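# Coordinate analysis (summary)
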Amino acid sequence: MATYTLPELPYDYSALAPVISPEIIELHHDKHHAAYVKGANDTLEQLAEARDKEAWGNINGLEKNLAFHLSGHILHSIYWHNMTGDGGGEPHEKDGVGELADAIAESFGSYAGFKAQLTKAAATTQGSGWGVLAYEPVSGRLIVEQVYDHQGNVGQGSVPILVFDAWEHAFYLQYKNQKVDFIEAMWQVVNWQDVAKRYASAKERAHSLLLAP
């Protein structure tokens, strides 16, 4: 039985247009995300075979593949819910996301400063990768991370709550090589309700992630 399965989209393919075209959503979810799910399951099977045969010659490659595919699956699963056709704008208390808005201001000085940092982080990631807003449990603050591929350059305890996919397959059919234009457009579909829920959940379980009481 497969350990990981491809989640259904929380909306139809056209829900994020014109920011993201229906064709991109379909290909991105049904092909690319599905490939990461299959890759993670296949790698788990290969690791099981290695244990059975005590054949460890490819252990480094298998562990790297598992991290790559599993992280791709997790980040994409967050990504779909981080967006909505009714999203965008700035998080405000009147919309029920005041705690998140306060945390952003406290961690980055202002919403404008946060937006500028995450935009630059996503747009300048070398090669393929992501820009990520994460909750860092040791300090209890929010941080921005650049994620190379799917799994590199991240704090070990940080919990992603808002992710911007900067891989070419996320935008090239529509935005060509203008990654910056795509990242700027992404702010129009951010689902702050979802981000706020993820922030609250990360805070609630932060104590279990700390190395010492």
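Residues numbered from 1 in each chain as written. Predicted model: local features only at pLDDT ≥ 70, side-chain atom pairs only at ≥ 80, totals over all residues. Heavy atoms only, no water.

## Let's talk about the overall build of the chain
Going by this rule: Going along the chain from the N terminus, every DSSP run of H or I of four or more residues is numbered as a helix, and every run of E of two or more is numbered as a strand. When we talk radius of gyration, it's over C-alpha atoms, and the globule rule is simply 2.2 Å times the number of residues to the 0.38. Exposed residues in this analysis have more than 50% of their type's maximum accessible area, buried residues have under 20%, and partly exposed residues fall in between, with area computed by a 1.4 Å probe over protein chains only. Residue contacts are counted whenever heavy atoms from the two residues lie within 4.5 Å of one another. For the accessible areas, the method is Shrake-Rupley and the probe is 1.4 Å, while residue cover comes only from the protein chains on display.
Counting its secondary structure elements, the chain contains seven helices and three strands. A compact globule built from 213 residues should have a C-alpha radius of gyration of about 17 Å, and the chain, at 18 Å, falls within 12% of that. Judged by the C-alpha coordinates and their principal axes, the chain covers about 60 × 50 × 30 Å. Taken over 213 residues, the chain has a buried fraction of 45%. In the chain, of all internal contacts separated by at least 6 residues, the share reaching a separation of at least 24 is 70%. Roughly 11,100 Å² of accessible area belongs to the chain as shown, and the carbon and sulfur atoms make up 50% of that amount.

## Some remarks on the UniProt feature "domain: Manganese/iron superoxide dismutase N-terminal" (unreviewed entry) in the chain
Spelled out, the test is: UniProt positions are given in the numbering used here, feature names are shortened, and annotations may be inferred rather than shown by experiment.
The feature "domain: Manganese/iron superoxide dismutase N-terminal" (unreviewed entry), as given by UniProt, occupies residues 3-84 in the numbering adopted here. Segment residues 3-84 splits into 67% helix and 0% strand. End C-alpha atoms: 28 Å apart.

## Side note on the environment of Ala50
Within the element layout of this structure, Ala50 appears in helix H1 (residues 22-53). In sequence terms Ala50 and Ile24 are 26 residues apart; their C-alpha atoms lie 37 Å from each other. Discounting chain neighbours no more than four positions away, the residues touching Ala50 are Ala55 and Trp56.

## Re the pattern of salt bridges
How we decide: A pairing counts as a salt bridge when a side-chain nitrogen of Lys or Arg comes within 4 Å of a carboxyl oxygen of Asp or Glu.
Considering all chains together, one arrives at five salt bridges under this definition. Among the salt bridges present, the one from Arg198 reaches Asp194, with a minimum N-O distance of 2.8 Å. You can see Arg198 and its partner Asp194 sitting in helix H7 (residues 192-204), four residues apart, about one turn around the helix. Overall, Asp194 belongs to the buried group, its relative accessible area being 13%.

## Examining the nonpolar core
Across soluble globular proteins, nonpolar side chains show a tendency to be buried alongside one another. The criterion, for reference: Among buried residues, the Ala, Val, Leu, Ile, Met, Phe, Trp, Tyr and Cys ones that are joined through side-chain atoms within 4.5 Å form a nonpolar core.
Counting residues in each nonpolar core, the largest one holds 55 residues, and the members touching the most others are Ile20, Tyr79, Phe114, Leu142 and Trp192. Among residues more than four places away in sequence, those in contact with Ile20 are Ile25, Tyr79, Met83, Gln174, Phe182 and Met186.

## Quick look at the packing of aromatic side chains
This is how it is decided: Side-chain rings of Phe, Tyr and Trp, where Trp is taken by its six-membered ring, are said to pair if the distance between their centres is within 6.5 Å; with planes under 30 degrees apart they count as stacked, over 60 as edge-to-face, and otherwise as tilted.
Here the structure, examined in full by the defined rule, presents 14 aromatic pairs. Ring centres of Tyr111 and Trp187 lie 6.4 Å apart, and the angle between their planes is 80 degrees; on these two criteria the pair is classed as edge-to-face. With Tyr111 in helix H4 (residues 111-123) and Trp187 in the loop between helix H6 (179-186) and H7, the pair connects residues that are 76 residues apart, well separated along the chain. Its relative accessible area of 14% is what places Tyr111 among the buried residues. Take Trp187: its relative accessible area is 4%, and that puts it in the buried class. The rings of Phe108, Tyr111, Phe114, Phe164, Trp187 and Trp192 are connected pair by pair, giving a single aromatic cluster.

## Side note on H1
Operational definition: By this rule, a helix spans an expected 1.5 Å times one less than how many residues it contains. The quantity called bend is, for any residue, the angle between two axes fitted respectively to the seven residues ending at it and the seven beginning at it.
The terminal C-alpha atoms of H1, which comprises 32 residues, lie 46 Å apart, in line with the 46 Å expected from a rise of 1.5 Å per residue. In the structure, H1 departs most strongly from a straight axis at His28, where the bend amounts to approximately 30 degrees. Downstream of H1 by a residue or two, Glu54 has a phi angle that is positive, lying close to 50 degrees.

## What about the side chain of Ser107?
Structurally, Ser107 is set in helix H3 (residues 98-108). For Ser107, a relative accessible area of 13% corresponds to the buried category. Among residues more than four places away in sequence, those in contact with Ser107 are Arg141 and Leu142.

## Focus on the sheet that holds strand E3 (residues 159-165)
To keep things clear, this is the line we draw: At least two DSSP bridges between two strands are needed for those strands to be called paired. For helices, the fitted axis covers only the stretch in contact; all axes are lines through C-alpha atoms, and the angles between them, taken along N-to-C directions, range from 0 to 180 degrees.
Within the open sheet, the three strands sit side by side as E2-E1-E3. Their pairing is antiparallel. Two strands in the sheet have a free side with no partner beyond their single neighbour: strand E2 (141-148) and E3. On average, adjacent strands in this sheet sit at an angle of 25 degrees to one another, irrespective of strand direction. Sheet topology note: the strand E1 (residues 129-136)/E3 ladder contains six bridges and is antiparallel. Its bridge partner lying in E3, Tyr135 is registered against Val159. Along the sheet, helix H2 (residues 59-81) contacts E1, E2 and E3; its crossing angle with E3, the most-contacted strand, is approximately 80 degrees. Across the face of the sheet, H7 comes into contact with E1, E2 and E3 while running at roughly 150 degrees to E3.

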